[in-house]
Each structure stands twice: as structure tokens, then as C-alpha cells.
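Letter by letter, the chains look like this.
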Amino acid sequence: MTAVNKVAIAGSGVAGLAAGIQLAKAGVAVDLFEAQPELSALGSGISLQGNALRAFDTLGAWDEIKAAGYPFEGLNLRAPGPDAPIVAELPDVKTGGPDYPAAMGMPRPDLARILFAHAEKAGVNATFGAKVTGLEQSGDAVEVFVNGASAGTYDLVIGADGLNSTVRDLIGIETKPEPVGMGIWRTFVSRPAEVVRSELYYGGPVYIAGYTPTGEGSMYAFLVEKAQDRVGVSDEEATRIMLEESRAYHGPWDAIRADLAAGAHANYTWFTKHVVAEPWNRGRVVIIGDAAHSCPPTIAQGAAQGLEDALVLTELLTGGEQVDQGLWDAFHARRLPRATAVVEASVQLAQWQIDGDRDADAGGLIFGIAQKMAQPA
Ligand SMILES: Cc1cc2nc3c(=O)[nH]c(=O)nc-3n(C[C@H](O)[C@H](O)[C@H](O)COP(=O)(O)OP(=O)(O)OC[C@H]3O[C@@H](n4cnc5c(N)ncnc54)[C@H](O)[C@@H]3O)c2cc1C
């Protein structure tokens, strides 16, 4: 017995796919609608902390994800300059517990492909090129409109449709992501043998330079700068800007620049922040993942929080017998404080960088939040 029999999900990111997998495994009929024409994976690589890895295990996808990525422990801090000296080797808290690596990097398209295969295997019925455009609630049913036409009636709708969530707008939640004041250049390049964990460079012309290994032969590299209007920058120009802005950094950055000079693609995004105040549902429509909260990836917890939203929500839906206020209260009690703590810590770390606050206890803040994440969601 589950609290729902038929659920619609908007969005095929990590949050939507995780929710779909768990519901379909429990025998719930799941229709997943994705606005894009195909499974997309914006950006290059992603860092996944232990609590995200633990969530993948719950989904049944951990073995494949582990094989497709680059697990590692610890974080190195380096300084700008010709020799790029390592100035600190920081241990990681194993936020997923002792059974999982502290972190791993992986190419985003591989993560999307693996989760989507699990969703299909579990029985999720996914449609691409299908934008959720309208919702009509009456009693215990929600009619979903896709590309302007009715797609059916459901017991529950999950809006996992990302930062600019349409579902959030449709249910009248006005909180929206706001710019933090930072922008990030990212590129996907080959991994020099000496890069075996994430490394960050503070100081120099940008706020943070860094990279994370994503496989034996690959890694992603990034530069975090003061947010600028980069609209209309061509692909060639983007690669050139990233190459120029990285010149103060050496060590593995010399190899990154060689890949950029050979044409590695660079993309640019602003960091945002928001947390929707309780409740995340209106009747039988609920938002999760980036639709409900976003933050700068200063502690790389965005995907982990979306996964946890999905797992907690589906645990309550498949373990209970009805969708009632008790279910929503339990959901919010388990998700709001945790997601809010992540957003606040991530934004604080970004703000200290923007303010140039050298006395801030960044290590203490990161350690404290990691301890929190090590607790079950
Ligand atoms: C620069 C940057 C770096 C990051 N790095 C990390 C990191 O290293 N580690 C980490 O954990 N997190 C990181 N994050 C955060 C992480 O990427 C997100 O938190 C996570 O991908 C959000 O997943 P989601 O499923 O909620 O949304 P998304 O992945 O955005 O998926 C939403 C989906 O919904 C679809 N959609 C939109 N509207 C509709 C509609 N109306 N109908 C149907 N479908 C719709 C979209 O096409 C999209 O496919 C980073 C974020 C940024 C910006």
C-alpha cells in the first residue's frame, strides 16, 4: 500500500529521476515529463559528496556510478604562482559514512545516463520535448497540462524542474533564485596524472581556481570570478577568456591551458541562491531540488540535497497510506532545516570570498556542515 498510485514528475535532473526510480520501484505508475528534446546534462563534471553517494546506493545505482567516476579523499589547497605550491592538505568528513568515499567527480552526462537507465528499468514512463505548462487541482486529483494539452490526471505532481521552475510559478510560490555576485567558467579537459583529488587555489586574479578529477582520463576545471555580463560571448571567445584568466595559475593549470588552446569548450554560469520557505507543496503539487533551493557550489551539495529531497519524499509516500498534513509536516521537518543550512553555509563561503575576508573560519564552517550532512537525511 502506498499513499499514491499515479504520479507525474516534471524534470529529468537528478531530483526528478531519483523520485521516479523510488516510486516506480514501489509499484507507483510514474509519468516523467522533460521539457528538453533529450536527456541533457548542462555543464561538464560534477563533485558528489558522500551523502550523495549513499543516496545513489539507495537508488540501486551506486556500483555503476562508482565505476563511471573518480572517487577520492581529501582536498588540496594550492597557491597561485609559478610552482603552484600545495599549502594545505585537508582531510574530508565522510558524509556518507564509512562505506563510501568522501567524494567523487564524474562527467554529468554519465550520471544522467546511468540514472535514466535505472528509471526506465524501474518502469518510469518518460517523455521528452514535454514541458509542463499547466496544473489544475480538484479534490485529491491534479490534471497536468503538457505543451498546452491535458496529459492526464494524477494523485500527485512533483516539480523537479530546476532553478527556473514552471511548477513553482504555477502553484504561486514567488521565491526565486537571486544572483550571488559570482560567475563560473568551467571546462572539461584531460587529467594530468598528478591530479588525484580536488584542488583549489585561493588568491590571484579570480576568487577561486580549481579542478576535480572525473575519471582516469578526464577532469573538469573552473574559475570563479566576479559575476559579469557574458551574454553573447562566442565559443571561441569563451575559451580564450578562460585561458587568459587562468594565466596566474600553474602546476596542472599548464596542462589545462594546453587543452583550452587546443579548443576545449568553456561555459559560463552565474551562481544563485534561494530557499523556498515552508511549505514546498500546495495541495498535491510539491517542488524539490533546485526548484526549491539553490546555492553556490562552494561545498558541492546541490545535487546531494536534491537527491535527499527525492528520497525523503518518496520514503514518506511509499511508506504511508495517505497524502495528508502529517506527511507534509514530516517532509518539511526533515528537509527544510537541512537544505537551509546548506544554502546558508554555501552563500556565507561565497560572501567571504567576495568581501576578501581572510580571517573568516571557512574550514570550521565546512567541517560543521559536513558533520551535519553525515547524519541521515
Ligand atoms: C556552476 C554550478 C556548479 C555546480 N556544481 C555542483 C557540484 O559540483 N556538486 C553538486 O552536488 N551540485 C553542483 N551544482 C548544483 C547541481 O547542479 C544542482 O543542484 C542539481 O543539478 C539540481 O538538480 P535538479 O534535478 O533539481 O534540477 P536540474 O538538473 O536543473 O533538472 C531540471 C530539469 O527540469 C527540466 N524542466 C524545466 N522546466 C520544465 C517543465 N516546465 N516541464 C518539464 N521539464 C522541465 C529541465 O530541462 C531540466 O532537465 C552546481 C550548480 C552550478 C550552477
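No experiment lies behind these values; they were computed from the predicted model shown.

Definitions and cut-offs
- Residues numbered from 1 in each chain as written.
- Predicted model: local features only at pLDDT ≥ 70, side-chain atom pairs only at ≥ 80, totals over all residues.
- Heavy atoms only, no water.
- Helix = DSSP H or I, 4+ residues; strand = E, 2+ residues; numbered from the N terminus.
- Pairing = 2+ DSSP bridges.
- Contact = heavy atoms within 4.5 Å.
- Axes fitted to C-alpha atoms, helices over the stretch in contact; angles between N-to-C directions.
- Near = heavy atom within 4 Å.
- Polar contact = N/O pair within 3.5 Å; in protein donor to acceptor, adjacent residues only side chain to side chain.
- Areas by Shrake-Rupley, 256 points an atom, 1.4 Å probe, with all protein chains shown as cover.
- Nonpolar A, V, L, I, M, F, W, Y, C, P; charged D, E, K, R; others polar.
- Domains from an automatic or database assignment.
- Salt bridge = Lys/Arg side-chain N within 4 Å of Asp/Glu carboxyl O.
- Buried < 20%, exposed > 50% of the residue type's maximum accessible area, 1.4 Å probe, protein only.
- Buried area = accessible area lost by both parts, 1.4 Å probe.
- Phe/Tyr/Trp six-rings, centres within 6.5 Å; stacked < 30°, edge-to-face > 60°.

I'd love a proper account of the environment of Gly363, names of residues and values included.
Residue position: Gly363 is located in helix α10 (residues 362–373). Once the C-alpha coordinates of Gly363 and Leu349 are considered, the two residues, 14 residues apart in sequence, prove to be 9.7 Å apart.

Tell me about the sheet that holds strand β17 (residues 266–275), and please be specific about residues and values.
The mixed open sheet is built from eight strands, whose spatial order is β6-β5-β14-β15-β16-β13-β17-β20. Each having just a single partner strand, β6 (86–90) and β20 (293–294) make up the two edges of the open sheet. Sheet analysis places strand β15 (residues 208–215) next to strand β16 (residues 218–226), joined by seven bridges and oriented antiparallel. Bridging from a neighbouring strand, Tyr211 pairs with Ala221 of β16. Of the strands in this sheet, β13 (178–190), β16 and β17 are in contact with helix α6 (residues 235–245), which crosses β13 at around 95 degrees.

I'd like to hear about the site of the ligand, residue by residue, with values.
Around the ligand lies a shell of 31 residues, among which Glu34, Ser47, Val132, Asp290 and Ala303 are the nearest. Contact between the ligand and Ala35: a nitrogen atom at 3.1 Å from a main-chain N or O atom of the residue. Ser47 is positioned such that a nitrogen or oxygen atom in its backbone is 2.7 Å from a nitrogen atom of the ligand. Here the ligand has 1000 Å² of accessible area as a free molecule, and 84% of this is covered by the chains. Elements that contribute at least two residues to the shell around the ligand include exactly α1 (14–25), β2 (29–34), β3 (45–49), β13 and α8 (302–319). Top contributing element to the shell around the ligand by residue count: α8, with three residues. Here the shell around the ligand is composed, by residue class, of 15 nonpolar, ten polar and six charged. Of the residues that make up the shell around the ligand, three or more belong to each of domain 1 (6–71 + 103–177 + 273–373) and domain 2 (181–271).

Give a description of the pattern of salt bridges that names residues and reports values.
Counted according to the given criterion, the structure contains 16 salt bridges. Residues Arg247 and Glu244 are paired through a salt bridge, measuring 3.3 Å at the closest nitrogen-oxygen approach. Arg247 gets classed as partly exposed once you look at its relative accessible area, which sits at 42%. For Glu315, the salt bridge is made with Arg334, and the minimal N-O distance between the two is 3.1 Å. One end of the pair, Glu315, is in helix α8; the other, Arg334, is in helix α9 (residues 325–355), and 19 residues separate them in sequence. Looking at Arg334, the relative accessible area reads 29%, which means it is partly exposed.

Break down the sheet that holds strand β9 (residues 132–138) for me, citing the residues and quoting the values.
Pairing within the open sheet is antiparallel, and its three strands lie in the order β9-β10-β11. Of all strands in the sheet, those with a lone pairing partner are β9 and β11 (149–154), marking the two edges. Neighbour-to-neighbour, the strand axes of the sheet open up by a mean angle of 20 degrees, direction not taken into account. Bridge count for strand β10 (residues 141–146) against β11 is five bridges, and the pairing is antiparallel. Pairing of Val146 across the sheet is with Ala149, part of β11.

Give a description of the domain arrangement of the chain that names residues and reports values.
Segmenting the chain into domains produces domain 1 (6–71 + 103–177 + 273–373) and domain 2 (181–271). Each of domain 1 and domain 2 was reduced to a C-alpha centroid, and the two centroids are 27 Å apart. Contacts between the two partners involve 17 residues from domain 1, matched on the other side by 20 residues from domain 2. When residues of domain 1 are sorted by the area they lose upon contact with domain 2, Ser44, Tyr70 and Gln353 head the list and together hold 43% of the total. Put simply, domain 1 and domain 2 have zero salt bridges between them. Counting only elements with at least two residues in the side of domain 1 that touches domain 2, the list comes to β3, β7 (103–107) and α9.

Residues and numbers for the packing of aromatic side chains, please.
Under the criterion given, the structure shown has ten aromatic pairs. Taking the centre distance of 5.5 Å and the plane angle of 65 degrees together, the rings of Phe116 and Phe128 count as edge-to-face. Placement of the pair is Phe116 in helix α4 (residues 108–122) and Phe128 in strand β8 (residues 125–128), with a sequence separation of twelve residues. Relative accessible area serves as the criterion here: at 24%, Phe128 is assigned to the partly exposed category.

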